[in-house]
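# Notes for the structure review
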Amino acid sequence: MTIRRRFTRSELLERFRAKIDAGVPIIGGGAGTGISAKWEEAGGIDLIVVYNSGRYRMAGHGSLAGLLAYGNANDVVVELADEVLSVVRDTPVLAGVNGTDPFMDTERFLEQLRGLGFAGIQNFPTVGLIDGTFRANLEETGMGFDKEVELVRVAHDADLLTTPYVFSEDDARAMTNAGADIVVCHLGLTTGGGIGARTARTLEDCVPEVDAWVAAAREVRADVIALVHGGPVSSPEDAEFMLRACTGVDGFYGASSMERLPTERALKEQTERFTAITFADTTQEQS
C-alpha cells in the first residue's frame, strides 16, 4: 500500500521557489491514468494535475472532449482520485475543477478534494479555450471566466495551492489578484500525435504573448510563478526553447505532451517491433 505524503501550500511554494532560485525549471504534468502518474513521479515531475480531459485523451479521444457534455467534469476527477492518488507518494497532486458548474458548492467540493488527498486545484474545464459568440453568451449568462477566478480565490482562502490557466494579460492579472500561486500560460490545444491539434501558432509567435502575460501577472504580485503550456509546445525541445526565449518563465506544464504523445509513440514502436518478428528460415535449417 502506498503511503501518500500530505503537503501544505507553504511547503510546496518553498520547494518550488528553491528550485527556481537554483536555476532549475518547475515541470508539471497531467495524468489521466494511474500508470501515467506513477511513471511521471518516477521521472522526477514536480506536480501532477488530474482533470477530465486526461481520461478522454488516454481513451484515444481529443483533449477538447473535456469541454463538452460527455460527463460531469468534477465527478470524473473524483472518480480518478483513487486511481492516481493510490500510486503517487511524494509528488503533490492537484485537481482540475470546473469552476463554472452552476450546481457546485465550491467550498464543500474543495474540502472534499482536500480530504481525498489533493494538494490544490487548477481551473479545468475552462471557458478560456472558448471564443466567439458562444464565449460571449457564456459570459453574459453567468458561466464566464470570472467564475473560474472566484474558484481560485476561494481555493486560495482555503490554503490550497492554485495553478490556474490564463489566456491573456487580463486573465493573468485577475488570477494573480485572486491569489494564484502559479499562472500557467495556455497556448491552446497541444499539437502532434494522432489526435493533437493541426492548427497552432509557431513557437516564435508565442514568445511575446507569454512575456506579456507573465509581465501582467507580476505587475500584481512579483513572486507569482509562471509556467507555459500547450499549443506548439509539445516536446522537451519545444519547452526548452520557450524557457530560454521567454522572460521570466519558471517552467513547463505538459498534459498531452507528458502522457499521450509518449504513449502513442511507445506503443506504436513496440507493436511494430513485435509485428516484424518472422519465423526462422526452416528451409535453410533443413539444408
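What comes next concerns the included structure. (Residues numbered from 1 in each chain as written. Predicted model: local features only at pLDDT ≥ 70, side-chain atom pairs only at ≥ 80, totals over all residues. Heavy atoms only, no water.)

Here the focus is the overall build of the chain. Scanning the chain for helices and strands turns up 12 helices and 9 strands. Here the C-alpha radius of gyration of the chain, 20 Å, is about what a compact globule of 287 residues would show, namely 19 Å. Over its C-alpha atoms, taken along the principal directions, the chain stretches across nearly 80 × 45 × 45 Å. Looking at the chain as a whole, 49% of its 287 residues are labelled buried. For the chain, restricting intrachain contacts to residue pairs at least 6 apart in sequence, the fraction spanning at least 24 positions comes to 71%. Summing over all exposed atoms, the chain offers an accessible surface of approximately 13,700 Å²; the carbon and sulfur share of this is 53%. The chain carries 26 positive and 43 negative side-chain charges, and their two centres are separated by 3 Å. (Helix = DSSP H or I, 4+ residues; strand = E, 2+ residues; numbered from the N terminus. Rg over C-alpha atoms; globule rule 2.2 N^0.38 Å. Buried < 20%, exposed > 50% of the residue type's maximum accessible area, 1.4 Å probe, protein only. Contact = heavy atoms within 4.5 Å. Areas by Shrake-Rupley, 256 points an atom, 1.4 Å probe, with all protein chains shown as cover. Lys, Arg positive; Asp, Glu negative; His and termini not counted. Charge placed at Lys NZ, Arg CZ, Asp CG, Glu CD.)

Grouped together as the largest cluster of nonpolar side chains are 76 residues, with contacts concentrated most on Leu113, Phe118, Val210 and Met242. Looking at which element gives the most residues to this core, the answer is helix 9 (residues 203-220), with 8 residues. With sequence-adjacent residues up to four places away left out, Met242 is seen in contact with Leu187, Leu203, Cys206, Val207, Val210, Val228 and Val233. (Core = buried A, V, L, I, M, F, W, Y, C linked by side-chain atoms within 4.5 Å.)

This brings us to the packing of helix 9 against helix 10 (residues 236-245). Two numbers describe how helix 9 lies on helix 10: the axes approach to 10 Å, and their chain directions differ by 45°. Taken together, the axis directions place helix 9 and helix 10 in an arrangement best described as oblique. Along this stretch, helix 9 crosses helix 10, giving a crossing that reads as right-handed. For the pair helix 9 and helix 10, the contacting residues are Leu203, Glu204, Cys206, Val207, Val210 and Asp211 in the first and Asp238, Phe241, Met242 and Ala245 in the second. (Axes fitted to C-alpha atoms, helices over the stretch in contact; angles between N-to-C directions. Parallel < 35°, antiparallel > 145°, perpendicular 65-115°, else oblique. Left-handed = near helix turned anticlockwise from the far one by under 90°.)

Here we take up the packing of aromatic side chains. If you walk through the whole model with that rule in mind, you get 5 aromatic pairs. An angle of 80° between the planes, with centres 6.2 Å apart, marks the rings of Phe124 and Tyr165 as edge-to-face. Taken together, the residues span a long stretch of sequence, with Phe124 in the loop between strand 4 (120-123) and helix 6 (132-140) and Tyr165 in strand 6 (residues 165-166) at a distance of 41 residues. The pair formed by Phe124 and Tyr165 is uniform in burial state, with each residue classed as buried. With a centroid separation of 6.1 Å and 55° between ring planes, the pair formed by Tyr165 and Tyr253 is classed as tilted. Linking Tyr165 in strand 6 with Tyr253 in strand 9 (residues 251-254), this pair joins segments that are 88 residues apart in sequence. Given a relative accessible area of 1%, Tyr253 falls into the buried group. These aromatic residues form a ring-pair network of at least three members: Tyr51, Phe124, Tyr165 and Tyr253. (Phe/Tyr/Trp six-rings, centres within 6.5 Å; stacked < 30°, edge-to-face > 60°.)

Turning our attention to helix 2 (residues 34-42). Regarding helix 2, the residues found buried are Gly34, Ser36, Ala37, Glu40 and Glu41. End-on view of helix 2: buried residues confined to an arc of 160°, all on one side of the axis. Turned more than 90 degrees off the buried face of helix 2, the exposed positions are Ile35, Trp39 and Ala42. Backbone geometry just after helix 2 places Gly44 at a positive phi near 95°. (Arc of directions from axis to C-beta.)

On to the sheet that holds strand 3 (residues 93-97), then. The parallel open sheet is built from 9 strands, whose spatial order is 5-4-3-2-1-9-8-7-6. Two strands in the sheet have a free side with no partner beyond their single neighbour: strand 5 (161-162) and strand 6. In terms of strand pairing, strand 7 (residues 182-186) meets strand 8 (residues 225-229) through 5 bridges, oriented parallel. Of the residues in strand 8, the one forming a bridge with Val183 is Ala226. (Pairing = 2+ DSSP bridges.)

Time to look at the packing of helix 7 (residues 145-157) against helix 8 (residues 169-177). At their nearest, the axes of helix 7 and helix 8 sit 8 Å apart, and the two run at 30° to each other. Relative to helix 8, the element helix 7 lies roughly parallel. Here the hand of the crossing between helix 7 and helix 8 comes out right-handed. Residues Phe145, Glu148, Val149, Val152 and Arg153 of helix 7 pack against Asp171, Ala174, Met175 and Asn177 of helix 8. Classifying every residue of the contact of helix 7 with helix 8 gives 5 nonpolar, 1 polar and 3 charged. (Nonpolar A, V, L, I, M, F, W, Y, C, P; charged D, E, K, R; others polar.)

Read these as layout, nothing more, since geometry by itself doesn't imply function.
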